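The chain contents come next:
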Number of protein chains: 4
Amino acid sequence: MAFTYCHTIHFKDTDAAGVVYFANVLSICHEAYEASLAATGFDLRQFFGKGDVAVPISHAEVDFRKPLRCGDVITVYLTTQTLDIERFSTHYQVFDPKNRVAAIARIDHICINARDRRRCPLPQALQDWLHIHGAAAPSPVADGG
Amino acid sequence: MAFTYCHTIHFKDTDAAGVVYFANVLSICHEAYEASLAATGFDLRQFFGKGDVAVPISHAEVDFRKPLRCGDVITVYLTTQTLDIERFSTHYQVFDPKNRVAAIARIDHICINARDRRRCPLPQALQDWLHIHGAAAPSPVADGG
Amino acid sequence: MAFTYCHTIHFKDTDAAGVVYFANVLSICHEAYEASLAATGFDLRQFFGKGDVAVPISHAEVDFRKPLRCGDVITVYLTTQTLDIERFSTHYQVFDPKNRVAAIARIDHICINARDRRRCPLPQALQDWLHIHGAAAPSPVADGG
Amino acid sequence: MAFTYCHTIHFKDTDAAGVVYFANVLSICHEAYEASLAATGFDLRQFFGKGDVAVPISHAEVDFRKPLRCGDVITVYLTTQTLDIERFSTHYQVFDPKNRVAAIARIDHICINARDRRRCPLPQALQDWLHIHGAAAPSPVADGG
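Let us look at the structure shown here. Per chain, the residues get numbers from 1 upward, laid out in the order the sequence is written. The naming scheme follows written order: chains are lettered A onward, ligands numbered 1 onward. Residues qualify for local features only when their pLDDT is at least 70, as the model is predicted, and side-chain atom pairs are given and counted only at 80 or more; totals for whole chains, interfaces and linings, by contrast, use all residues. Calculated side-chain values reflect all of the structure's heavy atoms, with hydrogen atoms and water omitted.

Another point: the overall build of chain A. Here a helix means four or more residues in a row that DSSP labels H or I, a strand means two or more in a row labelled E, and each is numbered from the N terminus. Looking only at helices and strands, one finds 4 helices and 7 strands in chain A. With the radius of gyration taken over C-alpha atoms, the globule rule is written as 2.2 Å times the number of residues to the power 0.38. A compact globule built from 145 residues should have a C-alpha radius of gyration of about 15 Å, and chain A, at 16 Å, falls within 12% of that. Counting contacts in chain A only where the partners sit at least 6 residues apart, residues at least 24 apart contribute 65% of the total. Accessible surface computed for chain A: about 6,600 Å², of which carbon and sulfur atoms make up 51%. Under the counting rule used here, the positive set is Lys and Arg, the negative set is Asp and Glu, and His together with the chain ends is not counted. Taken as the charge centre is NZ of Lys, CZ of Arg, CG of Asp or CD of Glu, depending on the residue. Considering chain A, the positive charge centre built from 14 side chains and the negative charge centre built from 16 side chains are found 4 Å apart. The contact criterion used is simple: two residues touch if any of their non-hydrogen atoms lie within 4.5 Å. All accessible areas in this document rest on Shrake-Rupley with a 1.4 Å probe, and a residue is counted as covered only by the protein chains that are shown.

One turn of the α-helix equals 3.6 residues, which is why residues spaced by three or four share an orientation. Residues and elements named next belong to chain C. Expected span, for any helix, means 1.5 Å times one less than how many residues it has. Between its first and last C-alpha, helix H1 (residues 22-39) extends 27 Å over 18 residues, near the 26 Å set by a 1.5 Å rise per residue. By the criterion of burial, H1 is predominantly enclosed, with 15 of the 18 residues buried. Once H1 finishes, Gly-41 follows within two positions and takes phi at roughly 105°, a positive value. Accessibility here uses a 1.4 Å probe with only protein chains present; expressed as a share of the type maximum, an area under 20% marks a residue as buried, one over 50% as exposed, and anything in between as partly exposed.

Simply put, an axis is a line fit to the C-alpha atoms, just over the touching stretch for a helix, and the angle between two N-to-C directions goes from 0 to 180 degrees. Closest axis-to-axis distance for the helix H1 (residues 22-39) of chain A/helix H1 (residues 22-39) of chain B pair is 9 Å, and the angle between their directions is 180°. When the axis of H1 of chain A is compared with that of H1 of chain B, the two are roughly antiparallel. Here H1 of chain A contributes Phe-22, Ala-23, Leu-26, Ser-27 and His-30 of chain A to the contact with H1 of chain B, which in turn contributes Phe-22, Ala-23, Leu-26, Ser-27 and His-30 of chain B. Gly is placed with the polar residues, together with every amino acid not listed as nonpolar (Ala, Val, Leu, Ile, Met, Phe, Trp, Tyr, Cys and Pro) or charged (Asp, Glu, Lys and Arg). A breakdown of the residues in the contact of H1 of chain A with H1 of chain B according to their chemical character gives 6 nonpolar, 4 polar and no charged. Oblique is the label for any angle not under 35 degrees, not over 145, and not in the 65 to 115 range, which are roughly parallel, roughly antiparallel and roughly perpendicular in turn.

Look at the two chain copies: a rotation about an axis and a shift along it is all it takes to match them. The two copies are related by a screw operation: chain D maps onto chain A through 180° of rotation and 0.0 Å of translation along the axis, at an RMSD of 0.0 Å. As the rotation angle and translation indicate, the two copies are arranged about a two-fold axis. For chain D, the smallest separation between a C-alpha atom and the rotation axis is recorded for His-7 of chain D, amounting to 5.5 Å. In this assembly the copies share their binding face: 100% of the residues contributing to the interface of chain D also contribute to that of chain A. A residue counts toward the fit only if its pLDDT is at least 70 in both copies, and the copies are then superposed by least squares on the C-alpha atoms of those residues.

This paragraph deals with the interface of chain B and chain A. Accessible area lost upon the coming together of the parts serves often as the stated size of an interface. Each partner contributes to the interface: chain B provides 24 residues, whereas chain A provides 24 residues. Here the quantity called buried area is the total loss of accessible area, with a 1.4 Å probe, experienced by two parts when brought into contact, counted for both. A buried area of about 1,900 Å², summed over both sides, lies between chain B and chain A, and 55% of it is on carbon and sulfur atoms. What counts as a salt bridge is simple: a side-chain nitrogen of Lys or Arg found within 4 Å of a carboxyl oxygen of Asp or Glu. Across the contact surface, chain B and chain A share 0 salt bridges. In protein, a polar contact requires one atom able to donate a hydrogen and another able to accept it; more generally it is a pair of N or O atoms within 3.5 Å, and residues adjacent in sequence count only if both atoms are side-chain atoms. If you look at where chain B meets chain A, you find 8 residue pairs in polar contact (both at pLDDT 80 or more). Of all the elements in the fold, those that place two or more residues in the side of chain B that touches chain A are H1 and strand E3 (57-64) of chain B. Of the residues assigned to the side of chain B that touches chain A, the class counts are 13 nonpolar, 6 polar and 5 charged. As judged from the 5 bridges shared by strand E3 (residues 57-64) of chain A and E3 of chain B, these two strands associate in the antiparallel manner. Paired with Asp-63 of chain A across the bridge in E3 of chain B is His-59 of chain B. Whether two strands pair comes down to DSSP finding at least two bridges between them.

It is worth spelling out the sheet that holds strand E4 (residues 73-84) of chain A at this point. Sheet strands associate in pairs through backbone hydrogen bonding, adopting either a parallel or an antiparallel arrangement. Spatial strand order, E1(A)-E4(A)-E5(A)-E6(A)-E3(A)-E3(B)-E6(B)-E5(B)-E4(B)-E1(B): 10 strands in an open sheet with antiparallel pairing. With partners counted over all chains shown, the strands left at the sheet margins are strand E1 (3-8) of chain A together with strand E1 (3-8) of chain B, one partner each. When the angles between neighbouring strand axes are averaged without regard to direction, this sheet yields 20°. Judged from the 9 bridges that link them, strand E5 (residues 87-95) of chain A and strand E6 (residues 101-110) of chain A form a sheet pairing that is antiparallel.

All names here are of chain A. With their axes 11 Å apart at the nearest point, H1 and helix H3 (residues 124-133) run at an angle of 110° to one another. When the axis of H1 is compared with that of H3, the two are roughly perpendicular. Contacts between H1 and H3 involve Tyr-33, Ser-36 and Leu-37 from the former and Leu-126, Trp-129 and His-133 from the latter. Residues of the contact of H1 with H3, tallied by class, amount to 4 nonpolar, 2 polar and no charged.

Once that is clear, we can look at empty space enclosed by the protein. Here the term cavity refers to a set of points on a 1 Å grid, laid over the protein atoms alone, in which a 1.4 Å probe fits but cannot get out; the term pocket refers to an open set having protein on both sides within 12 Å along at least five of seven lines, with lining residues being those that place an atom within 4 Å of a point. Grid points are joined across faces, edges and corners, and a volume is the space filled by probe spheres set on the points. Scanning all chains against the criterion turns up 1 cavity of 30 Å³ or more. Looking at the largest cavity, its volume works out to about 570 Å³. Lining the largest cavity we find 36 residues, and of these Lys-12 of chain A, Lys-12 of chain B, Lys-12 and Asn-24 of chain C together with Lys-12 of chain D sit closest to its centre. Broken down by secondary-structure element, the contributors of at least two residues to the lining of the largest cavity are H1 of chain A, H1 of chain B, H1 of chain C together with helix H1 (22-39) of chain D. Partitioning the lining of the largest cavity into residue classes produces 7 nonpolar, 17 polar and 12 charged.

Okay, the pairing of strand E6 (residues 101-110) of chain D next. Side chains on a regular strand alternate between the two faces of the sheet. Residue and element names in this part refer to chain D. Along E6, 7 of the 10 residues are buried, which leaves the element largely enclosed by surrounding structure. Pairing of strand E3 (residues 57-64) with E6, which is carried by 7 bridges, proceeds in the antiparallel orientation. Considered in E6, the bridge of Ala-60 is made with Ile-107. Where strand E5 (residues 87-95) hands over to E6, the hairpin turn is made up of 5 residues, of which Asn-99 adopts a positive phi near 65°.

So, about unusual backbone geometry. One non-glycine residue, Arg-117 of chain A, adopts positive backbone phi at about 55°. Classification of Arg-117 of chain A as partly exposed rests on a relative accessible area of 38%.

Our focus in this paragraph is the interface of chain D and chain A. With 17 residues of chain D in contact, the opposing surface of chain A contributes 17 residues. Carbon and sulfur atoms make up 56% of the area that chain D and chain A hide from each other, which totals about 1,500 Å². On the chain D side of the interface with chain A, the three residues burying the most area are His-10, Phe-11 and Arg-45 of chain D, jointly 34% of the side's total. Its salt-bridge partner being Arg-45 of chain A, residue Asp-72 of chain D comes within 3.0 Å of it at the nearest N-O pair. At the level of elements, H1 and helix H2 (44-47) of chain D are the ones that each hand at least two residues to the side of chain D that touches chain A. The greatest single-element share of the side of chain D that touches chain A, amounting to 5 residues, is contributed by H1 of chain D. Here the side of chain D that touches chain A is composed, by residue class, of 6 nonpolar, 5 polar and 6 charged.

As a further point, take the environment of Lys-50 of chain D. Within the secondary structure, Lys-50 of chain D is located in the loop between H2 and strand E2 (53-54). The residues touching Lys-50 of chain D, leaving out its near neighbours within four places in the chain, are Lys-50 of chain B together with Ala-16, Ala-17 and Gly-18 of chain C.

The final tally for this structure, using the stated rule, is 28 salt bridges over all chains. Among the salt bridges present, the one from Arg-115 of chain C reaches Asp-52 of chain C, with a minimum N-O distance of 3.3 Å. Residue Arg-115 of chain C is located in the loop between strand E7 (112-113) and helix H3 (124-133), and its partner Asp-52 of chain C is located in the loop between helix H2 (44-47) and strand E2 (53-54); the two are separated by 63 residues in the primary sequence. The class for Arg-115 of chain C is exposed, based on a relative accessible area of 68%. Through salt bridges with shared partners, one network takes in Glu-61, Arg-106 and Asp-108 of chain A.

Structure (structure tokens):
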């Protein structure tokens, strides 16, 4: 259900402290997102270019647990969560070469009409992709008490 | 009390959607953090290099409200918050050229001994910097009930 | 005649060797190019966006003389050179905080119609900008023998 | 003899013109260099960290032939050239998804003692790596003839 993405830490990803620059961890998560879309048949050039519909990021957050260094082969697990008809979250678990959690991230997207930038419903293809990688939804009963 | 940082959006900051790549907003906030440290007298080369004490980022989050484009002159307001003797938060408000809030971010740091990566108290110079840019602290009475 | 651009090296510009990542020196030169265009009245958002005419880069080269580190305040001198009716070069001298040459770069641009990507003559506004920052042209007599 | 590296263009690699930001092409070439070193057994974390010997870049240049876009799967062919006992060049041919040459680059490295930054001979392991990926050297007779 989760999409698995492998990435080798490049020299460019690092900073003078010798580890991956913090914001680059989010970029690597976004690479996993791109790879999962491509694997489902999306044309990335069009999707991230100038299509009629866009899904810009409304929120991003990340917790850092372990530093990552040049040459580290890391694994990113991506799961998705539909928030409502116009919004979804992507969740990322980043594992270091010793299989320890190095980072946990979440990136929220909102669907808009690219022309007027007003909200619009998620296209069917994205709904399908969300379905494939959707984490088991929390039970509404458990939430609602 | 807030530190003010001006930045012009570079072509490199943008992506194929024509706006600033999401993770670069956090990088611009970090630039404001660096500028505020330099303004207080910190030697950035040493601080971000291989000193005895380091303050890596433990958490980052950002909300996106307005897209930013190449050439936009933006203003970042930075305030700080001491969390405990070893940790602090930095808060950022990013304004677009029309003085609308384009993004709001928070970045948490934790102080460690660079050799063994164990937590240690914040050095006095950082405590002073935190004091200068500290937002009005929430009343402990209100918190403690 | 040269355009002068000041830049502070950010933590993000550096890599695990503790100095500026090589390709970022070219990015900083491009920032100087953007700043010089803005100073002459160009609307960067349109110029680097989706205008009718574009001036993509056909060639770039850079020599590295001195390493640059986080916090270094550097100065970039930009001069221009018209190659022919469709092409121009930009030349960059990058000075470190001790006023030593840290890098020398050259970036060539070619003017194209954005729709069919075929070469076209440089717009008047760019010709004017080239004139302002043009280095003293080598004597045609000397060249032609 | 050439080392082959595959890379998918990420959204982060692109700029507001919809194509890969020029300096990122050099970064992708450097990724190929890192991958070829790792494939030969180098420990990248040490090699690009704080070892006794470093091989910083003294020169880089790149010609751009075709634009690259998000999602493009490109191939980079890397060959090496020993210049003298302290210096080597790496050469890159970048092919777009239609197998057309999109860019040609060259990056020169110089071997230094990391402590005093003075030139020193290339370590044996690097000489071996240079030998594996060395392009057929141009005949000195043909050159001198």
